[in-house]
Amino acid sequence: MMLEDSEIIELFFSRSERAISEAREKYGAACLAISRNILGNSLDAEECVSDALLALWNAIPPEKPEPLRAYLFRIVRNISISKYHSNTAGKRNSFYDVALDELEDCLAGTGTVEQEITARELSTLIDRFLETLDEDSRMLFVRRYWYSDSVKDLAEHLGITENNLSVRLSRLRTKLRKYLQKEGYKV
């Protein structure tokens, strides 16, 4: 039986190495999927997950993340993105690039994002936008653009065609673009 997050966090606080194995058992497969979606390479993904678990070990204590799952997923994603940039300097064509390219029309303005709005303000706007969506659309947006799930995997998960999913994603991006424009963000 898997431990509750609070029990895993207590293991980290007591500096028990079991904390890492429990976190890996509970969230390892999902972390691996997130990293593999970004990197497209299982070996690099496994390395990133191990690095993320070490980072979790180093962060707890003093951190007491709530929820642990989201905290760990963010660490895995950040480490994977750093590894991705390291691996692909000067190259483009991965699933991750495709997902980012889809959002480009919503986020790119006449200048850089830094010139138009700070990253924190943009993040807040996107969070507010996500709050306007129904649960299914929010899950779809996050899985595609945060966790970089492929269109194929998402379509299979939802039991719809890839074409149907692409249309739904396109409509979500259009809603995002309109929302950002309404909020004063220049698209």
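Higher on the page you've got the structure.
This is a predicted model, so every value here is computed, not measured. (Residues numbered from 1 in each chain as written. Predicted model: local features only at pLDDT ≥ 70, side-chain atom pairs only at ≥ 80, totals over all residues. Heavy atoms only, no water.)

Caption draft 1: Broad picture of the packing of helix H9 (residues 151–158) against helix H10 (residues 162–182). The interhelical angle for the contact between H9 and H10, taken along N-to-C directions, is 105°, at an axis separation of 9 Å. Regarding the angle of H9 to H10, the classification is roughly perpendicular. Contacts between H9 and H10 involve Val151, Lys152, Leu154, Ala155 and Leu158 on the former and, on the latter, Glu162, Leu165, Ser166, Arg168 and Leu169. The residue makeup of the contact of H9 with H10, split by class, is six nonpolar, one polar and three charged. (Axes fitted to C-alpha atoms, helices over the stretch in contact; angles between N-to-C directions. Helix = DSSP H or I, 4+ residues; strand = E, 2+ residues; numbered from the N terminus. Parallel < 35°, antiparallel > 145°, perpendicular 65-115°, else oblique. Contact = heavy atoms within 4.5 Å. Nonpolar A, V, L, I, M, F, W, Y, C, P; charged D, E, K, R; others polar.)

Caption draft 2: Examining the packing of helix H3 (residues 42–59) against helix H4 (residues 68–87) more closely. For the pair H3 and H4, the least separation of the axes is 9 Å and the interaxial angle reads 130°. Taken together, the axes of H3 and H4 lie oblique to each other. Note on packing geometry: the crossing formed by H3 with H4 is right-handed. From H3, Asp44, Glu47, Cys48, Asp51, Ala52, Leu53, Ala55, Leu56 and Ala59 reach across to H4, where they touch Leu68, Tyr71, Leu72, Ile75, Val76, Ile79, Ser80, Lys83 and Asn87. Looking at the contact of H3 with H4 residue by residue, the class counts come to twelve nonpolar, two polar and four charged. (Left-handed = near helix turned anticlockwise from the far one by under 90°.)

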